[in-house]
Amino acid sequence: MSDLAQLLKESWVLVEEERDQVAGYFYARLFLDQPSLRQLFPVHMDTQRRCLVEALVSAVGSIDDPEQFAEYLQGLGRAHRKFHVQPAQYAVFGPALLEALRTVADERWTIEYDQAWSEALQLLTTNLILGAESDTGPAFWHAEVLSHERRGTDVAVLTCRPLQHPLVHQAGQYVSVEAPRYAPRLWRSYSIANAPRPDNVLEFHVRAAGAGWVSSALVRRVRPGDLLRVAAPMGTMLLDRDSPRDIVCLAGGVGLAPIKALVDELTRFNRSRWVHVYLGARTRDDLYDLPELQRLAAAYPWLNLVPCCTDDPGWTGEHGTVPEVLARYGPWHEHDFFVAGPSGMVRASLRTLAELEVPAAHIRYDSFGEV
């Protein structure tokens, strides 16, 4: 570990328990110095403060890997174009954050920590600006909702089509979505559930979160004809067409969306690779897209579908979580893996794959926060 990384991590430990206070002070300082920036952010800042902390932790964790550090931050810079943030406005970010860290750490803060964060924030700001300036495409697309289907009490499958310009994406990627009529200036990330289509239609699977303004609006309020805003695609959970290995997909809940997009892509060219899809839910009623998956499995002999439930005594299929069911079979060390679902399910799956000695280079997943 470099001296810079060591100092950053040491100093972050000092304020980690007061992370909400750091974020609150940062935004208060930012809006006091640049009042015009306030209109770019939502009225309720709780989620935005959490996102700042997640971004800081991710950046600090990758400071010793210049390629990963640059890739992450430049992606963040591209993503923030949807907020209408101009590159020059990033100049106020570093000083405001450094003041927040100093204030919260108080007498525990040292000149060495100050110098380390000054250096890191300069690198961070530079990469944010590089990312923002590197993308010459639209910051977001207006998209008309074409269909909206409720699947149970808290899940909806909806389709939309970007207006004017096609949104170019790859199977497995995700986008940020805003429902301006119902939750203005709030963006949440959702995976696209289909491979690129000639008609440019995008499919989304959304579960209404408890206090999620955007997800609740997309499930309960959005109707055909409404306009959404969809930001540029992101993510690296992409198929390697040149790989000779068979494929295993692990999906939990609406994490099925990117997996379904990958399967959709495979139906267009795959002839030689077996594809195993493990789909997990609490009960059979939560397997909201099972009939469509069964139709695909019947049409493509290379597709093997393994649905599993954790809390459904009458279920005649596999019982247990996705990683538990996966571990009953194998060996898996010569397969390409794709993992998508709630964060707890993804973490459990990655632990199981490590125990099963699946090489990390064979595993793809996207851990996206809200950007």
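Residues numbered from 1 in each chain as written. Predicted model: local features only at pLDDT ≥ 70, side-chain atom pairs only at ≥ 80, totals over all residues. Heavy atoms only, no water.

On to the pairing of strand S4 (residues 188-191), then. Here S4 shows two buried faces, one formed by Arg 188 and Tyr 190 and the other by Ser 189 and Ser 191. Where strand S3 (residues 174-178) lies against S4, four bridges are found, and the strand directions are antiparallel. Bridged to Val 175 within S4 is Tyr 190. (Buried < 20%, exposed > 50% of the residue type's maximum accessible area, 1.4 Å probe, protein only. Helix = DSSP H or I, 4+ residues; strand = E, 2+ residues; numbered from the N terminus. Pairing = 2+ DSSP bridges.)

In this section: the side chain of Asn 194. Locating Asn 194 in the fold gives a position in the loop between S4 and strand S5 (202-207). A polar contact of 3.1 Å, which involves the side chain of Asn 194, links it to the backbone oxygen of Val 201. If we skip the residues at most four places from it in the chain, Asn 194 touches His 169, Val 201, Leu 202, Glu 203, Ala 261 and Asp 264. (Polar contact = N/O pair within 3.5 Å; in protein donor to acceptor, adjacent residues only side chain to side chain. Contact = heavy atoms within 4.5 Å.)

Running from N to C, helix H2 (residues 19-33) and helix H5 (residues 93-105) point in directions that differ by 135°, and their axes come no closer than 8 Å. In terms of orientation, H2 lies oblique with respect to H5. Here H2 and H5 pass one another in a crossing that is right-handed. Residues Gln 21, Val 22, Tyr 25, Phe 26, Arg 29 and Leu 30 of H2 lie in contact with H5, whose contacting residues are Phe 93, Ala 96, Leu 97, Glu 99, Ala 100, Leu 101, Thr 103 and Val 104. (Axes fitted to C-alpha atoms, helices over the stretch in contact; angles between N-to-C directions. Parallel < 35°, antiparallel > 145°, perpendicular 65-115°, else oblique. Left-handed = near helix turned anticlockwise from the far one by under 90°.)

This brings us to the pattern of salt bridges. Scanning the entire structure with this criterion turns up 20 salt bridges. In this structure, Glu 16 engages Arg 19 in a salt bridge whose closest nitrogen and oxygen atoms are separated by 3.1 Å. A salt bridge links Glu 318 to Arg 328, with the shortest nitrogen-to-oxygen separation between them at 2.9 Å. With Glu 318 in strand S10 (residues 318-319) and Arg 328 in the loop between helix H10 (322-326) and strand S11 (335-340), this residue pair connects regions lying ten residues apart in the sequence. A residue is classified by how much of its surface remains accessible, and Glu 318, at 19% relative accessible area, is buried. (Salt bridge = Lys/Arg side-chain N within 4 Å of Asp/Glu carboxyl O.)

Bringing the nonpolar core into the picture now. The biggest cluster of nonpolar side chains holds 47 residues, and the ones touching the most others in it are Leu 8, Phe 26, Tyr 27, Leu 97, Leu 101 and Trp 117. Once residues within four sequence positions are removed from consideration, Leu 8 is found in contact with Val 60, Ile 63, Ala 116, Trp 117 and Ala 120. Grouped together as the second largest cluster of nonpolar side chains are 31 residues, Ala 171, Leu 239, Cys 249 and Val 263 included. (Core = buried A, V, L, I, M, F, W, Y, C linked by side-chain atoms within 4.5 Å.)

This brings us to the packing of H5 against helix H6 (residues 111-134). At a minimum axis distance of 10 Å, the contact between H5 and H6 shows a crossing angle of 150°. Compared by their axis directions, H5 and H6 come out roughly antiparallel. H6 is crossed by H5, and the crossing has right-handed handedness. Two secondary-structure elements touch here, H5 through Phe 93, Gly 94, Leu 97, Leu 98, Leu 101 and Arg 102 and H6 through Asp 114, Trp 117, Ser 118, Leu 121, Leu 124 and Thr 125. Counted by class, the contact of H5 with H6 contains seven nonpolar, three polar and two charged residues. (Nonpolar A, V, L, I, M, F, W, Y, C, P; charged D, E, K, R; others polar.)

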